[in-house]
Amino acid sequence: MTELLAYTDGACSGNPGPGGWGALLIAREGDKVLKQKELQGGEAQTTNNRMELMAAISALESLSRASNIIVVTDSAYVKNGVSQWIHGWKRNGWKTSTRKPVKNEDLWRRLDAAQTRHTVEWRWIKGHAGHAENERADELARAGMAPFKPGRARA
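Predicted, not measured: the structure shown is a model, and the values here were computed from it.

Trainee: Could you clarify how one ought to interpret unusual backbone geometry in this entry?
Mentor: Apart from glycine, the bulk of residues carry a negative phi angle, and the bulk of peptide bonds sit in the trans form. Between asparagine 15 and the following residue, proline 16, the backbone shows a cis peptide bond with an omega angle of 15°. The backbone of asparagine 104 sits at a positive phi, close to 65°, despite the residue not being glycine. The residue asparagine 104 is located in the loop between helix H2 (76-91) and helix H3 (105-116) in this model.

Here you go:
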């Protein structure tokens with residue numbers, strides 16, 4: 001049976017500051033990789049949490065058809081937000097339990113919409129712990145950030 005995974009990561013130089021996101025999508029059967037796709041992007045002025053969210057959003061939005069997918073993130077913010085907190089936020093009109101506006105509401109709404117097309121299992125993995133796919137997602141995020149770092153010539 002084919003398994004689809006998306007390893008996602010965000011990076012920021014300063015928080016806020018220039019940031020990037022990366023996603024590594026892998027279709028595999030057992031240990032055999034059938035197909036692999038890499039995505040990356042960035043922004044000139046953002047936060048790490050926004051880039052973590054953009055990585056997951058971009059992975060899900062890149063799929064051309066409804067899929068069963070495992071999204072692997074090293075962000076507890078993304079994992080807990082999408083699997084626990086978002087239900088209360090939606091019930092409370094996008095307010096937190098303390099009645100404050102949800103930070104990054106625009107991206108949480110976009111992630112919520114993106115995941116409704118799919119059957120998603122969310123997994124957390126410890127970042128920078130030598131996990132090859134997570135390390136590749138981190139490299140993609142840093143590459144996505146690179147054009148926005150000060151001193152870089154822009155084309």
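Trainee: Can you help me understand helix H4 (residues 132-145) in this one?
Mentor: In an α-helix, one full turn covers 3.6 residues, which means residues spaced three or four apart are oriented alike. With 14 residues, H4 ought to run about 20 Å at 1.5 Å a step, and its terminal C-alpha atoms sit 20 Å apart, in line with that. The complete set of buried residues in H4 reads Asn134, Ala137, Asp138, Leu140, Ala141, Gly144 and Met145. An end-on view of H4 places all buried positions within 160° of arc, on one side of the element. Lining the buried residues of H4 we find strand S1 (3-12), strand S2 (17-29) and strand S3 (32-46).

Trainee: For this particular structure, what's the right way to read the sheet that holds strand S5 (residues 119-124)?
Mentor: Sheets are built from strands that pair by backbone hydrogen bonding, the pairs being arranged parallel or antiparallel. Spatial strand order, S3-S2-S1-S4-S5: five strands in an open sheet with mixed pairing. A single partner strand is all that each edge strand has here, and the edge strands are S3 and S5. The mean inter-strand angle of the sheet, taken between neighbouring strand axes irrespective of direction, is 20°. Here S2 pairs with S3 via 12 bridges, running antiparallel. Of the residues in S3, the one forming a bridge with alanine 23 is leucine 39. Contacts from helix H1 (residues 48-61) reach S1, S2, S3, strand S4 (68-73) and S5 within the one sheet, and its direction differs from that of S1 by about 155°.

Trainee: In this structure, what is going on with the environment of glycine 144? I would like to understand it.
Mentor: Considering the arrangement of structural elements, one finds glycine 144 in helix H4. For glycine 144, a relative accessible area of 4% corresponds to the buried category. The spacing of glycine 144 and glycine 20 is 124 residues in sequence and 4.5 Å in space, taken between C-alpha atoms. Among all residues touching glycine 144, those that are not within four sequence positions of it are Gly19, Gly20, Gln40, Gly41 and Gly42.

Trainee: Any chance you could explain the packing of H1 against H3 here in plain terms?
Mentor: Packed helices, taken two at a time, are described by the angle between their axes plus the distance between the axes. Between H1 and H3, the shortest axis-to-axis distance is 9 Å and the interhelical angle comes to 25°. As far as their axial angle goes, H3 and H1 are roughly parallel. For the crossing formed where H1 meets H3, the hand is left-handed. Together, Arg50, Leu53, Met54, Ala56, Ile57, Leu60 and Glu61 of H1 and Asp106, Leu107, Trp108, Arg110, Leu111, Ala114 and Gln115 of H3 make up the contact between the two elements. Grouping the constituent residues of the contact of H1 with H3 by class yields nine nonpolar, one polar and four charged.

Trainee: Sorry if this is basic, but what is going on with the nonpolar core here?
Mentor: Soluble globular proteins tend to bury their nonpolar side chains together. Leu25, Leu53, Leu60, Ile69, Trp108, Leu111 and Trp122 are the most contacted members of the largest nonpolar core, which totals 30 residues. Mapped by element, the contributors of at least two residues to this core are S1, S2, H1, S4, H2 and H3. Per element, the largest residue contribution to this core is eight residues, and it comes from H1. Not counting the four nearest positions on each side in its chain, leucine 25 is found in contact with Leu5, Ala6, Lys35, Gln36, Lys37, Leu39, Ala59, Ser62 and Leu63.

The rules we used
Residues numbered from 1 in each chain as written. Predicted model: local features only at pLDDT ≥ 70, side-chain atom pairs only at ≥ 80, totals over all residues. Heavy atoms only, no water. Helix = DSSP H or I, 4+ residues; strand = E, 2+ residues; numbered from the N terminus. Expected span 1.5 Å × (residues − 1). Buried < 20%, exposed > 50% of the residue type's maximum accessible area, 1.4 Å probe, protein only. Arc of directions from axis to C-beta. Contact = heavy atoms within 4.5 Å. Pairing = 2+ DSSP bridges. Axes fitted to C-alpha atoms, helices over the stretch in contact; angles between N-to-C directions. Parallel < 35°, antiparallel > 145°, perpendicular 65-115°, else oblique. Left-handed = near helix turned anticlockwise from the far one by under 90°. Nonpolar A, V, L, I, M, F, W, Y, C, P; charged D, E, K, R; others polar. Core = buried A, V, L, I, M, F, W, Y, C linked by side-chain atoms within 4.5 Å.

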